[in-house]
Amino acid sequence: MMLQIPAFLSFEQVRQFNEALHAQSWEDGRQTAGHLAVGVKRNLQLAHDNPVATQLGDFILQALGKTPLFLSAALPLKVVPPMFNRYEGGGTYGDHVDSAIRSVPGTPHRVRTDISATLFLSDPDSYEGGELVVNDTYGEHAVKLAAGDMVLYPGTSLHHVRPVTKGTRLAAFFWVQSLVRDDTQRTILYEMDTAIQQLTREQPESSATLKLSGVYHNLLRQWSDT
Ligand code: NI
């Protein structure tokens, strides 16, 4: 499932992120690419121990915990601390699949990348190109969102970022290990949760709502690993 989370960051937060990020010194993104991806990756990233990147990444992690749409759709167990990238001057990232397991730098922790996330930080009118293109069973989806919007997509997908031919595209990206590894099961749970929330608003007294809520939790119990 591909899912957009609109206005994950406010206008003012986006402005503060941009101000802080533009002042940093950026490194060649190929340093963190796997051996297949390294040939197709041409962008810049902040070092994982850059203090501003750490601070902004922590802010994103806290905001994730307060975003019901993210919690319902991702059912997060572990999150790789967000990183930041920058595309300009034809910068691009050709077709690749993200590594299945990411180490959390400076810790013994490893995260299975069930879900990939991109948080767009640049005004889409300020650069040309830079669409995130994700392939799934229904074909190709090109995504270029407003600054502050986030997209989630299955970590299993082949994807690429089109060359940025004018302007600068800043983004944050990270991965989530979900309680539910399988994208199809996660999608079923998300749709069920959405329907139950609607029923809870519209028919709070209904015993069917209570029963369905029980089914949701029992499915989650069947399908989750911790
Ligand atoms: Ni990727």
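About the criteria used
- Residues numbered from 1 in each chain as written.
- Predicted model: local features only at pLDDT ≥ 70, side-chain atom pairs only at ≥ 80, totals over all residues.
- Heavy atoms only, no water.
- Domains from an automatic or database assignment.
- Buried area = accessible area lost by both parts, 1.4 Å probe.
- Salt bridge = Lys/Arg side-chain N within 4 Å of Asp/Glu carboxyl O.
- Polar contact = N/O pair within 3.5 Å; in protein donor to acceptor, adjacent residues only side chain to side chain.
- Helix = DSSP H or I, 4+ residues; strand = E, 2+ residues; numbered from the N terminus.
- Nonpolar A, V, L, I, M, F, W, Y, C, P; charged D, E, K, R; others polar.
- Phe/Tyr/Trp six-rings, centres within 6.5 Å; stacked < 30°, edge-to-face > 60°.
- Buried < 20%, exposed > 50% of the residue type's maximum accessible area, 1.4 Å probe, protein only.
- Lys NZ or Arg CZ within 6 Å of the ring centre and 35° of its normal.
- Pairing = 2+ DSSP bridges.
- Axes fitted to C-alpha atoms, helices over the stretch in contact; angles between N-to-C directions.
- Parallel < 35°, antiparallel > 145°, perpendicular 65-115°, else oblique.
- Left-handed = near helix turned anticlockwise from the far one by under 90°.
- Contact = heavy atoms within 4.5 Å.
- Donors = N, O, S within 2.8 Å, 3.2 Å for Na, K, Ca; no water.

A. Summary view of the domain arrangement of the chain. One can read the domain layout of the chain as domain 1 (3-178) and domain 2 (183-223). Distance from the C-alpha centre of domain 1 to the C-alpha centre of domain 2: 30 Å. Roughly 650 Å² of surface becomes buried between domain 1 and domain 2 when both sides are summed, with 60% attributable to carbon and sulfur atoms. Seen at the junction of domain 1 and domain 2, the total is zero salt bridges. Inspection of the region where domain 1 meets domain 2 yields one residue pair in polar contact (both at pLDDT 80 or more). Broken down by element, the residue count for the side of domain 1 that touches domain 2 peaks at four residues, all from helix α3 (residues 68-74). Residues belonging to the side of domain 1 that touches domain 2 are distributed by class as follows: seven nonpolar, two polar and one charged.

B. View of the packing of aromatic side chains. The tally for this structure, following the rule as stated, stands at three aromatic pairs. With a centroid separation of 5.9 Å and an interplanar angle of 70°, the aromatic rings of F17 and F59 are classed as edge-to-face. On the criterion of sequence distance, the pair formed by F17 in helix α1 (residues 11-22) and F59 in helix α2 (residues 51-65) is long-range, its members being 42 residues apart. Judged by relative accessible area, F59 falls into the partly exposed class, the value being 35%. Between the aromatic rings of F173 and W175, the centroid separation amounts to 5.7 Å while the plane-to-plane angle is 90°, which identifies the pairing as edge-to-face. Here F173 matches W175 in class, with each residue buried. Taken together through their ring pairs, the aromatic side chains of F17, F59 and F84 make up a single cluster. The ring of Y127 is capped by K144, whose NZ or CZ atom sits 4.3 Å from the centre of that ring.

C. Spatial organisation of the sheet that holds strand β3 (residues 41-42). With antiparallel pairing, five strands are arranged side by side in an open sheet as β3-β7-β15-β12-β13. Pairing within the sheet leaves two strands with one partner each, and these edge strands are β3 and β13 (139-143). Of the strand pairs in this sheet, β3 and strand β7 (residues 92-96) are connected by two bridges, and their pairing is antiparallel. When the sheet's bridge partners are listed, K41 is paired in β7 with Y93.

D. Representation of the packing of α1 against α2 in the model. Relative orientation of the contacting elements α1 and α2 amounts to 160°, with a least axis distance of 10 Å. One element, α1, and the other, α2, form an angle in the roughly antiparallel class. Classified by chirality, the crossing of α2 by α1 is left-handed. Here Q13, F17, A20 and L21 of α1 come into contact with α2, specifically with V52, L56, F59 and I60. Grouping the constituent residues of the contact of α1 with α2 by class yields seven nonpolar, one polar and no charged.

E. Seen up close, the coordination of the nickel ion. In the first shell of the nickel ion, the protein supplies H96 (NE2), D98 (OD) and H159 (NE2), at 2.1 Å from the metal. Between consecutive donors of the nickel ion, the numbers of intervening residues give the motif H-x1-D-x60-H. Here H159 lies in strand β15 (residues 159-161) and D98 lies in the loop between β7 and β8 (101-103), a separation of 61 residues in the sequence. Assigned by exposure class, D98 and H159 land together as buried.

F. Quick peek at the pairing of strand β12 (residues 132-136). The sheet contact formed by β12 and β13 spans five bridges and is antiparallel. Its bridge partner being in β13, N135 is matched across the sheet by E140. Here β12 folds back onto β13, and the loop between the two strands holds two residues. Bridge count between β12 and β15: three bridges; the pairing is antiparallel. Bridge pairing in β15 places L132 opposite V161.

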